[in-house]
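Examination of the molecular architecture
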Amino acid sequence: MDEKEKRIRQNCWEKAIQCLGTSYIFQVKAKEYAKYLKYITILGIIVPLITGGIAMGYGQYSQYLSYFLVIAVPLSIFQVILSSIALIYKWEDNLSYSLESQSENRKLSEDFKQLAENTSITSAELEHKFELFKTMDDARSKQDEKITFSSKENCKGMRYALKIFQIECAICKKVPIDMEPTNCDNCGKF
C-alpha cells in the first residue's frame, strides 16, 4: 500500500467519523422535536375529548364540567402557545430535516467506512470512489451548515462516533466506552 492510498484510507476514516457524529447529532435533535410535537398533539386531542366526554356524560351545565374547565382552560392556552411556537420555529420542518440528514449522514459514514476497509480494490478505484463519496458528503454538509451545532453537540457527536468505531480520541488518547461526559475538549465536554 503506497502513501497516497494510506492517506485516502485515513481520509475515509475521518469522513466516516465526521458523518456518523453528524448523524448522531441530528438523531438527538429529531428525538427532541418529535417529543415536543407529541406533547402538543396529546394536549390538542386529550383536553377537548375529556371536556366533550364530561359534557356528554354529565350535561353541559354539570358541576364536573365547570371543575374540569378550571384545569382545561389553562392547558388549552398552554397548548395554543406551544403550537404557535412550533409553527413560528418550524418544528415539523426541523424534525423532517433532522431525520433526512441523520439518515443520509449515516449512509455516507457507512460508505466511507466500507471504502476504508476494502483492500480488494485498486488504488485508482479507491481514489475515484473516495472523490464520489466526498462530493456527496460536501453537498450534504453544505445543506447541514444551515443548522448550527453547539460545541457540546460537536463533542457528543465525536464521542458517539469514536465509541461506535472503537477508535482512540486524538486528544485524550482513550477509546470511549460510554456516552458519559469527560474533561476532554474533543470528545467529552458536553
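Anyway, here's the lowdown on the structure attached to this text. Note that the structure is predicted; figures quoted are calculated from it, not measured. (Residues numbered from 1 in each chain as written. Predicted model: local features only at pLDDT ≥ 70, side-chain atom pairs only at ≥ 80, totals over all residues. Heavy atoms only, no water.)

This paragraph deals with the pattern of salt bridges. Evaluated as defined, the whole model comprises 13 salt bridges. A salt bridge links E104 to R140; its shortest N-O distance comes to 2.9 Å. Linking E104 in helix α3 (residues 91-117) with R140 in helix α4 (residues 123-144), this pair joins segments that are 36 residues apart in sequence. Its relative accessible area of 36% is what places E104 among the partly exposed residues. Here R140 falls in the buried class, since its relative accessible area comes to 1%. We note a salt bridge from K189 to D185, for which the minimum N-O separation is 2.9 Å. The exposure class assigned to D185 is exposed, which follows from its relative accessible area of 56%. Connected through salt bridges with shared partners, the residues E100, E104, R140 and D144 form a single ionic network. (Salt bridge = Lys/Arg side-chain N within 4 Å of Asp/Glu carboxyl O. Helix = DSSP H or I, 4+ residues; strand = E, 2+ residues; numbered from the N terminus. Buried < 20%, exposed > 50% of the residue type's maximum accessible area, 1.4 Å probe, protein only.)

Tallied over the full model, the rule gives zero disulfides. With no disulfide of its own, C12 lies 11 Å from the sulfur of C19, the closest cysteine sulfur. A relative accessible area of 0% means that C12 is categorised as buried. Not engaged in a disulfide, the cysteine C169 finds its nearest cysteine sulfur in C184; these two sulfurs lie 3.7 Å apart. (Disulfide = S-S within 2.5 Å.)

The next point concerns the packing of aromatic side chains. The tally for this structure, following the rule as stated, stands at eight aromatic pairs. A centroid spacing of 5.9 Å and a plane angle of 80° characterise the contact between F112 and F133, whose relative ring orientation is edge-to-face. Here F112, found in helix α3, pairs with F133, found in helix α4; they are 21 residues apart in sequence, far enough to count as distant. Of the two residues examined, F112 and F133, each falls in the buried class. An aromatic cluster is present here, built from F26, Y97 and F149 joined pairwise through their rings. (Phe/Tyr/Trp six-rings, centres within 6.5 Å; stacked < 30°, edge-to-face > 60°.)

So, on to a nonpolar patch on the surface. Together, Y36, Y39, I42, I45, I46, L49 and I50 make up a nonpolar patch on the protein surface, roughly 640 Å² of accessible area in all. Here Y36 lies in helix α1 (residues 3-58). (Patch = residues over 30% accessible without salt bridge, like charges linked within 9 Å, V, L, I, M, F, W, Y side chains within 5 Å. Areas by Shrake-Rupley, 256 points an atom, 1.4 Å probe, with all protein chains shown as cover.)

Once that is clear, we can look at the nonpolar core. Counting residues in hydrophobic clusters, the biggest one holds 22 residues, and the most contacted among them are C12, F112, L115 and F130. Every element with two or more residues in this core is listed here: α1, α3, α4 and α5 (151-165). It is α1 that provides the largest number of residues to this core, a total of seven residues. L37, L82, A86 and L95 belong to the second largest nonpolar core, which has seven residues in total. (Core = buried A, V, L, I, M, F, W, Y, C linked by side-chain atoms within 4.5 Å.)

Of note, S98 is situated in helix α3. Exposure remark for S98: the relative accessible area of 2% places this residue in the buried category. Those residues in contact with S98 that lie beyond four places of it in its chain are F26, K29, A30 and Y33. (Contact = heavy atoms within 4.5 Å.)

Let us look at the side chain of S101. The topology assignment puts S101 in helix α3. What S101 contacts, discounting residues up to four positions off in sequence, is F26, R140 and D144.

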